[in-house]
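Overview (structure and organization)
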Amino acid sequence: MNFSDERNFSSYFIIIAVVVITALVLWSTSLFLQRLKDDERTKIEIWAQSQKALNSEQSDDYLELSILIGATNRSIPIIITDSQGDFIRDSIGKPDPSYFQNLSETLIENERKLKSYLNKLKSENKPIELDLKGTVQYIYYGHSDILNKLKYYPLAIALILFLLIGVIYFFFTTSKASEQNKLWAGMAKETAHQIGTPLSSLVGWNEILKAENVNPEYITEIEKDIARLKVITERFSKIGSIPNLEEIDIVQETRDAYTYLQSRSSKLINFSLELPEKPIYVSLNSQLYSWTIENLVKNAIDAMRGKGDLKIDLTDDAKRVFIHIKDTGKGIPKGKFTKIFEPGYTSKSRGWGLGLSLAKRIIEEYHLGRIKVLRSEINKGTTFQITFRKSGTTV
């Protein structure tokens with residue numbers, strides 16, 4: 001069993017243990033509530049017997065005991081009705097207050113609300129029959145304040161369960177994401193290190209070629225490729241570390257990235273560029289920014305299958321700069337506008353699903369900007385939008 005399997009087993013074990021413990025607590029709470037309800041009914045039955053004793057000829061000691069028992073109920077609401085289940089009324093036709101216990105005066109004085117409350121008591125508990133010398137009455141009672149409050153206890157336990165499971169799930173998800181990030185960062189740095197050795201050798205061989213009077217055009221092209229390899233190496237070396245940001249003209253940086261990509265892309269791609277004439281300064285890492293543009297452009301070219309129109313434009317307002325990369329490719333379903341930025345997600349048969357994820361990390365984590373799918377239509381194209389804050393402002 002490897003570490004990943006052990007971690008998954010631990011997460012499942014903890015979740016199952018939490019569920020089992022919570023189920024046991026809920027089961028115990030249910031038994032406790034039922035026991036409490038049974039005790040309250042027993043208490044009301046004893047109270048009913050005390051009321052029956054008060055209406056019979058008993059010794060003074062027995063009557064005093066009945067009165068004492070009757071006075072012990074201070075929390076359970078009671079309504080005594082006639083044999084038809086209606087209120088027992090006084091001489092003027094109003095519900096007689098002497099047949100109510102533990103009810104507020106406001107409730108007793110409002111017969112409509114009192115009737116509604118009686119129906120509620122009838123639904124909560126089975127009535128206790130009280131036979132007073134041939135006159136049948138019924139005792140309807142409700143739950144005490146303690147029992148009413150305890151009824152919400154299982155709900156609170158269930159809520160705590162869901163919150164706990166959510167916390168556990170979030171913990172293991174973020175832990176897994178953190179491990180993946182460390183893995184990719186390590187691979188990127190190792191790649192940069194491995195490229196560095198042959199790159200240094202290429203620089204040396206290029207100097208030898210210069211001394212051998214090789215065609216200068218060849219030397220120029222080799223130097224361009226060497227410079228490009230250096231840029232790629234520096235890009236990979238920056239993954240996993242906080243890059244240095246400088247106040248840079250994003251208009252010029254966008255133009256440079258566009259020029260490089262246009263010269264190295266298929267002639268079947270119709271490139272267009274719209275930039276303002278004025279310079280616009282933002283806090284930027286030029287290498288990572290050009291990498292982001294490159295990823296988005298290559299993604300657009302793949303979506304167009306190497307043929308179509310690709311437009312890059314840059315606009316701004318008082319505080320922000322907006323870069324749009326628009327293609328005429330196959331489009332993205334609306335439900336996947338955010339999913340495409342997840343690591344490992346790809347619609348290609350060959351692909352790692354890291355390009356857009358990396359672009360999102362560069363823009364949002366390193367530059368505190370925003371990247372999103374602005375709009376997309378199936379078989380018509382997609383527009384990505386990158387947003388940066390201008391220097392000295394907030395997005």
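Residues numbered from 1 in each chain as written. Predicted model: local features only at pLDDT ≥ 70, side-chain atom pairs only at ≥ 80, totals over all residues. Heavy atoms only, no water.

In the annotation of an unreviewed UniProt entry, the entry for the protein reads histidine kinase, and the organism field reads Aquimarina gracilis. Quoted verbatim from the Catalytic activity (unreviewed entry) field of the UniProt record, the comment on the protein reads "ATP + protein L-histidine = ADP + protein N-phospho-L-histidine." (UniProt positions renumbered as here; feature names shortened; annotations may be inferred.)

This model, assessed by the stated rule, comprises four aromatic pairs. Considering the side-chain rings of Phe341 and Phe384, the 6.2 Å spacing of their centres and the 90° angle between planes classify their relative orientation as edge-to-face. One end of the pair, Phe341, is in the loop between strand E9 (320-327) and helix H10 (355-366); the other, Phe384, is in strand E11 (residues 381-389), and 43 residues separate them in sequence. We note that Phe341, like Phe384, is buried. The ring centre of Phe87 lies 5.9 Å from the NZ or CZ of Lys115, which sits over that ring. Sitting over the face of the ring of Phe341, Lys360 holds its NZ or CZ atom 5.3 Å from the ring centroid. (Phe/Tyr/Trp six-rings, centres within 6.5 Å; stacked < 30°, edge-to-face > 60°. Helix = DSSP H or I, 4+ residues; strand = E, 2+ residues; numbered from the N terminus. Buried < 20%, exposed > 50% of the residue type's maximum accessible area, 1.4 Å probe, protein only. Lys NZ or Arg CZ within 6 Å of the ring centre and 35° of its normal.)

With that settled, consider the sheet that holds strand E4 (residues 135-141). Taken together, the four strands give an open sheet; going across it, the order is E2-E1-E4-E3, and neighbouring strands pair in antiparallel fashion. Taken across any chain shown, the strands that pair with only one partner, and hence form the sheet edges, are strand E2 (100-101) and strand E3 (128-132). Note: E3 against E4, five bridges, orientation antiparallel. Counted as the bridge partner of Leu130 is Gln137 from E4. (Pairing = 2+ DSSP bridges.)

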